[in-house]
Each structure stands twice: as structure tokens, then as C-alpha cells.
Amino acid sequence: MIQVKRQNSFSRILTLAAVVLLTLSSSLFAQDAPAADAKAGEALFKANCAACHKLYKPMTGPLLHQVSEKYDREWLYKWIKNSQGLIKSGDPLAVKVYEENGNKVMNSFPALSNADIDNILAYTDTPKPEAPAVTAVVGGADGNQGGGVSNNLILAILGFVLLLLVAVLFLVNNTLNKFASAQGIEMPVAEKRKPIWKAFVENQFLVLVSVIFLLLGSAYFAYGWMSQVGVDQGYMPVQPIHYSHRIHAGENAIECKYCHSSARVSKHSGIPSLNVCMNCHKSIAEVAGPESEFSSVTEDYSKEFYDKEIQKLYKAVGWDEATQSYTGKTQAVEWVRIHNLPDFAYFNHSQHVSVAGIECQKCHGPVEEMEIMYQHAPLTMGWCINCHRETNVKIEGNAYYEEIHEQLAKKYGVEKVTAAQMGGLECGKCHY
């Protein structure tokens, strides 16, 4: 009996030691495992999840902030990699989540590893950033802060001191004159000279030269003023909804003809329908803040400003962000036209864009850098004629021009024919 007791106690000790070793090994492995990277998770989230999910608002799918606290990590691995397979297997939690979200099918992401999903969950678990506190401005509308003396007050004091000095000088001069009179001192009297205007009038040569310069100068400025009539270069109107070409065409590299699709086939480039905007903005209700590497905000245009403009778009198309559906209540947006040729001038976008293959920037300038769209070129007849004189006709893959191009090339003794040599300077091309 004593031996049996010893064997039992020895087996218990072995079991206890094994448990301790397993616990220590699991803790060691847990310490060695690499920590999830929220920064990498943000990039993965924006590439895979942002089309349907937001962190703090429901979208096509539910909000994902702190989703790892709602569900088991192993279950999330299975759900993200193959949600439909998990539902079909009869998993009760998967079926419940599927039904709670209106039976919307979630894309499967089998290519994401567990480490990738850990990174994404680390990003969704990041604390919600607090709204920046508004700093009170001290010192009035001139922008001075911190209790300093305002510029206007300093200028007022300096102006008062200057007036005081003028008054003192006047009093001193008056006192000296009275003192001299009391002492019988005669003050020298300045000799009266001929007024300069009278001397100028009596000099006929100066009068003639001045009249000639005056006429030439007037003609120069009158010609310069009249030549600008109808030229709106630099025109930059404020639109009812702020649209940043810098963000859309520049940072996001959206092709111009995605929005202005009629430029390929029509005379006019057209104003994009708001439905084109909603192709993307159904999923983009706000821009990234300055803390994100994907942020587009600047010192002049804040996140709050851009988010407010997106809400104007939603109001115009009648989009309910909460239900992710259209209400049917729409409002017309009165866009202000920027580029506007006279009615007697004919210009066809499709001929220049599709046939000639001219880039939009040739006429509209560096659109991808413009926060606010403006008229870059003068769009005058002389500007168009110079372009026709300098631009060679593109005949590669265009059988329409091959025969006439060959004939004109022989006629002018050149290898490439310009639009002007092709007849681009004929009046009837643009005026008929």
C-alpha cells in the first residue's frame, strides 16, 4: 500500500509539471509571436474592406470598429476567408450574422492569411479619434492670439503720434515767427516763380511731345482692353458643390473621360451626372483625416470641409446614408460653366479627343493639380490657330487621313502634315 501511494503521488507530480511546462511554453510562444501591425491593417482594410464597410458607420455592411471584441478570433478567420461556406455549413452564428445584415452576401477573401486578418483587426480596434478641440481666438478678427496687442491698435497709436508731431512743429514755427516779429527781425520773403504749368504751356516742343505720348499710350491701353473682351482666362467660379480635381484626377488618378464620357463621341464634353459620382461615393461618405497616410486634406481644406461637401452630394441625389438607399427626394445642382466658346465658333471634342488623340491637359491645363477648376488657356482664335500650325496630324491607325496626308506631304515637301496644312486655317472649319 505504501508503494501504491508513492506511485500515485509521483504521477500527480508528473502531471502537474507537464501542465506547468505547457503553460510556460504557450506563454513563451505567445510572446514570440509578432504583434499585429495596425498600419499594415489600414492598407489591407482600404484595399479589401472599405468598399462595403466603415469603422464607425454602417454602410453596405455593418460597422467594424472593435469587431474582434464581438466575435471569436478563430471564427472571424473562417468568416472572412469564406463566409458563404460557413453559412452553408449551418454555423448558427454565421447564419445569424447573415440574416441580421439583410442576407447580403459578403465577398470571400481566401488569399488573406491569419496574420493579414490580425493586422486588419488591429486597425479596426484602434480607438476612435476624438474631435479636435476648437481653440478660442483672442485678439479679434485680425487673427492675433494669446492676448497680444492688435496691429490696428499699434497703427492707431503711431498715427496719433504722427499727428501730434505735426501739431508741435506747427506751433514751434508759429512761435518762432512771433518771436522774430517782436524783436524786429525781418524774415526773408521767397521770390515768386512762374508756375510750372504756365512754363510748360509756353514751351511748344514739350506740349507737342507730351500730346504724342499721351495719344500713343491711350491707344495702347485701349487696344489691350478691347482685346480682352470675351477672354475669360483664369476664370475660377465657386461651384455649388466643391469638387477637387486634385484629389480625383490627381491623387486617385481617375481618367478624365470616366466622368466626361461624352467627350469621346460628342461635340460637348458634358457635365457628369451625379449618378457617376455616386458610383464611388456610395462607399465614400468621408475623407481620411490628417492622421492617415491616405489623407488628402490640406491647410486650406480640412476633413470637415470635404465631408460637408459630400453631404451636399447626398442631399442632391436623395441618398440616405443610414439605410443605404435612395429616398427619391432630389435637388438640382446649378453648376457654373467655366469654358464657354462664342456661339459663332464651332469646336468638336470628339474630333480632337478621339481622332486627334489630344490630351485634355493641352487645352485645360494641369487639371490633376487644380483644387478649384479654372480656365487655363485664353481660348482665343489666335490661340487655336497657333495650335493648328504647330500640331501634326495623327495618321497612325487612321485610314481616313492616309491618302490625303500622302498627297499633302508631297505638296509641302514634309514628312508630317500639320492641322493648318490639312485645312485647319480655313474659315469654314470653325465658322459656318
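Structure: above.
Residue positions within a chain follow its written sequence, with the count starting from 1. The predicted origin of the model limits local features to residues at a pLDDT of at least 70 and limits the giving and counting of side-chain atom pairs to 80 or more, whereas totals for whole chains, interfaces and linings rest on all residues. Each side-chain value is worked out from all heavy atoms of the structure, with water and hydrogens disregarded.

**Quick word on the packing of aromatic side chains**
- Ring pairs are drawn from Phe, Tyr and Trp, using the six-membered ring of Trp, whenever the two centres fall within 6.5 Å, and their geometry is named by plane angle: stacked under 30 degrees, edge-to-face over 60, tilted for the rest. For the structure shown, the criterion picks out nine aromatic pairs.
- For the pair Phe-45 and Tyr-123, a centre-to-centre distance of 5.4 Å together with 55 degrees between the ring planes defines the contact as tilted. On the criterion of sequence distance, the pair formed by Phe-45 in helix α2 (residues 38-48) and Tyr-123 in helix α6 (residues 114-124) is long-range, its members being 78 residues apart. Like Phe-45, the residue Tyr-123 is buried in the burial classification.
- Both rings, one in Tyr-346 and one in Tyr-432, keep their centres 5.4 Å apart while their planes meet at 50 degrees; by these two values the pair is tilted. Of this pair, Tyr-346 sits in the loop between β2 (325-326) and α14 (349-355) while Tyr-432 sits in the segment after α19 (427-430), and the two are 86 residues apart along the sequence.
- Summary of the burial criterion: residues with accessible area below 20% of their type's maximum are buried, those above 50% are exposed, and those between are partly exposed, where the area comes from a 1.4 Å probe applied to protein chains only. By relative accessible area, Tyr-432 is classed as exposed at 72%.
- A network of ring pairs unites the aromatic residues Tyr-71, Trp-75 and Trp-79 as a single cluster. Each helix is a run of H or I in the DSSP string that is no shorter than four residues. Each strand is a run of E no shorter than two, and both are numbered from the N terminus.

**Points about a nonpolar patch on the surface**
- Like charges are joined within 9 Å and nonpolar side chains (Val, Leu, Ile, Met, Phe, Trp, Tyr) within 5 Å, but only among residues with over 30% relative accessible area and no salt bridge; these make up the patches. To measure how exposed things are, a 1.4 Å probe is used in the Shrake-Rupley method; for residues, cover is taken only from the protein chains shown. The salt bridge definition used is simple: a Lys or Arg side-chain nitrogen within 4 Å of an Asp or Glu carboxyl oxygen. Together, Leu-153, Ile-157, Phe-160, Val-161, Leu-164, Leu-165, Val-168, Val-172 and Leu-176 line one region of the surface with nonpolar side chains, adding up to about 830 Å² of accessible area.
- Following the sequence through the fold, Ile-157 ends up in helix α7 (residues 151-182).
- According to the relative accessible area criterion, Ile-157 is partly exposed, its value standing at 47%.

**Some remarks on helix α5 (residues 92-100)**
- Those residues of α5 not exposed but buried are Ala-94, Val-97 and Tyr-98. End-on view of α5: buried residues confined to an arc of 100 degrees, all on one side of the axis. Exposed residues pointing more than 90 degrees away from the buried face of α5 are listed as Pro-92, Glu-99 and Glu-100.
- Taken together, the buried residues of α5 touch α3 (73-81) and α4 (83-88).
- N-capping of α5 is provided by Asp-91, with a side-chain oxygen placed 3.2 Å from the backbone N of Leu-93.
- Where α5 ends, the next residue or the one after it, Gly-102, has phi of about 70 degrees, a positive value. Directions are taken from the helix axis to each C-beta atom, and the arc is the one they span. Contacts are assigned to residue pairs that have any heavy atoms within 4.5 Å of one another. A 3.5 Å cut-off defines polar contacts: any pair of N or O atoms within that distance qualifies, except that in protein one atom must be a possible hydrogen donor and the other a possible acceptor, and neighbouring residues in sequence count only when both atoms are side-chain atoms.

**Considering the side chain of Gln-375**
- Assignment of secondary structure puts Gln-375 in the loop between α15 (361-364) and α16 (381-390).
- Discounting residues that sit within four places of it in the chain, Gln-375 has contacts with Asp-232, Gln-233, Gly-234, Tyr-235, Ile-338 and His-339.

**What to know about unusual backbone geometry**
- One non-glycine residue, Asn-103, adopts positive backbone phi at about 55 degrees.
- For Asn-103, the position within the fold is in the loop between α5 and α6.
- In this structure, Gln-324 takes a positive phi of about 55 degrees despite not being glycine.
- Turning to its location among the elements, Gln-324 is positioned in the loop between β1 (319-320) and β2.

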